Amino acid sequence: MAVLGSSRPNQAELHGRDVRRLRHGKFLIGVATTVHYLVVAMTLALIGTILVKGLPAISWEFLTSYPAEGMTQGGIWPMLRGSILLMVGTLALTLPFGLLGGIWLAEYAGDGRMARTLRASIATLAGTPSIIFGLFGLAIFVLKLKLGTSLLAGWFTLALFSIPIVVLTTEQALRAVPESIEDGAIALGLSRWQTIWKVMLPSALPGVMTGLVLTVTRAAGEAPPILMTAAIYYSTEKLSLGWETLKKPVANLPYHLAEGYRQGGVIPEKIIWGTCLTLMLFVLTINLFAIVIRTRARKKAGW
Amino acid sequence: MVAVASPVKHAVRAEDVNLYYGTKHALKGVNFAAPSRQVTAMIGPSGCGKSSFLRCLNRMNDRIPGAKVTGKFEVAGMDPYAKNADLMRLRRAVGMLFQKPNPFPSSVFENIALAPSLHYGIKGSTLEGMVEETLKRAALWDEVKDHLRRSALELSGGQQQRLCLARMLAVEPEILLMDEPCSALDPISTGKIEDLISELSKDYTVLIVTHNLQQAHRVSSQLAFFMLGELVEMGDTEAVFESAQSEVTRDYLSGRFG
């Protein structure tokens, strides 16, 4: 008190200040709440529109049958199948590289200039527009490596798009594991690799999984990377799984949507909305899987 | 030749230990010896270097960037700082209990089973037996025997610390380093850990860092007083408490500073 001396405000002034502070806080909370509801409303509007317009088109028949009558009838199975194929391969390529890259960055790279440069480069890559990856894939995989427009070129391109993001999310998840846990493992005489593989990674698994699945499903919904590397507008072919499949282009949901809309009028609106909803449900289903796995992992760990 | 009789066997010996964190001189010429199968307590005001010294012995200081250690060591018959030192072997022989319980975010069973299964390839019923045995030694078995598959993070703080103790014992070390193991625990949990320490000292060499003078008095037979990076005094706990050689030690023990 003595410190403030006569400059200390009296009780009435202090009370006035308190009132203003509380009012200020209420106002900001009001703004935040409004914005929150706006975002929720927009999301609901988006999902609602797609649901209302797309649901009438969707049936088991629609999902599992081939397009017919110049795509004015029938289903979208080849496109759904193509998206699944693209995603599975992307996941298989992204998982090891993303994981190992993330482990290396988090545990071995240190904080030197080299590591910082690398980290910045990867962050830049992770923020690069997907069309750039598409063009790169076209130049390198399709043309230079002569893979042609093919499933394989699509896998590589989509993996290239996903890996930087997964490297970063994996690194983040590993860094979020408390150091005391790492200390505990080291003090038990575990090797560096055992510590990472048997203690750190299982502890970070929920975060690692989230990053991986969110990224790969995002990749599965992207049209630009496969635009020039893997995609064809539509297909009515039966699939015979084999090496040949890798070299063939694939029809898929996002590109089908883009092209179907662009060529306006050919595909009935109802089918386009149905495709839209299918793509959304496809991504949602995979995310749901991820959530289930994550919840289990978390429950097992107890956090 | 004169035979030098050495009635006491030392599990830990350290001569002229210096530790630097960057430019900070954290330990200054410390000479230390801890007899086998006894409890040696290390006390001293915050920042005096007692924890740092403990972490030299199993080379946990390696994990701190810029840490540099010099001196002669013998820990569990090994030289931790030998050029070809096997750090994994060292840390199997020298367990460590930390200030805050740090169980792995996995089940109670896995917490204990992980290290022995990785180190010694123990599996199946042998492993189960070992988990039970170590949990009993840590006086935790009765409380967790029905929840071995539950997450260790669901246990209370005191239980978690005893789990960490069991986890350490499962590796079959010779020396147990404890870095203020009770500082995050309530008095009842602290009492349980102290009872365990006394029990364990029959089979293990225990080095415990503590801020709690009463605790040091209760559990230890040897006492080392650190101050400003130096080992000021070391001797039988009773003797040091009764009549410390150095005035600084006497002042500290009488609570004149802390």
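The shown structure was predicted, so the numbers you read here are calculated from the model rather than taken from an experiment. (Residues numbered from 1 in each chain as written. Chains lettered and ligands numbered in written order. Predicted model: local features only at pLDDT ≥ 70, side-chain atom pairs only at ≥ 80, totals over all residues. Heavy atoms only, no water.)

The next subject is the packing of aromatic side chains. Residues and elements named next belong to chain A. For the structure shown, the criterion picks out 9 aromatic pairs over all chains. Note on Phe133 and Phe161: the rings are 5.7 Å apart at their centroids and 85° apart in plane angle, and the pair reads as edge-to-face. Note that Phe133 is positioned in helix α5 (residues 130-144) and Phe161 in helix α6 (residues 151-175), a separation of 28 residues in sequence. Judged by relative accessible area, Phe133 falls into the buried class, the value being 7%. Measuring from centroid to centroid gives 5.3 Å for Tyr233 and Tyr234, while their planes differ by 80°, and the two rings are edge-to-face. (Phe/Tyr/Trp six-rings, centres within 6.5 Å; stacked < 30°, edge-to-face > 60°. Helix = DSSP H or I, 4+ residues; strand = E, 2+ residues; numbered from the N terminus. Buried < 20%, exposed > 50% of the residue type's maximum accessible area, 1.4 Å probe, protein only.)

Residue and element names in this part refer to chain A. Interaxial distance between α5 and α6 falls to 9 Å at its minimum, and their mutual angle equals 140°. Judged by the inter-axis angle, α5 sits oblique to α6. Seen from above, α5 lies across α6 with right-handed handedness. Touching Ser130, Phe133, Gly134, Phe136, Gly137, Phe141 and Val142 of α5 are Ala153, Phe156, Thr157, Leu160 and Phe161, all from α6. The residue inventory of the contact of α5 with α6, partitioned by class, reads 8 nonpolar, 4 polar and no charged. (Axes fitted to C-alpha atoms, helices over the stretch in contact; angles between N-to-C directions. Parallel < 35°, antiparallel > 145°, perpendicular 65-115°, else oblique. Left-handed = near helix turned anticlockwise from the far one by under 90°. Contact = heavy atoms within 4.5 Å. Nonpolar A, V, L, I, M, F, W, Y, C, P; charged D, E, K, R; others polar.)

Residues and elements named next belong to chain B. Spatial strand order, β5-β6-β7-β3-β8-β9: 6 strands in an open sheet with mixed pairing. Of all strands in the sheet, those with a lone pairing partner are β5 (94-97) and β9 (230-236), marking the two edges. Geometrically, the sheet is characterised by an average inter-axis angle of 15° between neighbouring strands, direction not taken into account. Alignment of β5 against strand β6 (residues 175-179), held across 4 bridges, turns out to be parallel. (Pairing = 2+ DSSP bridges.)

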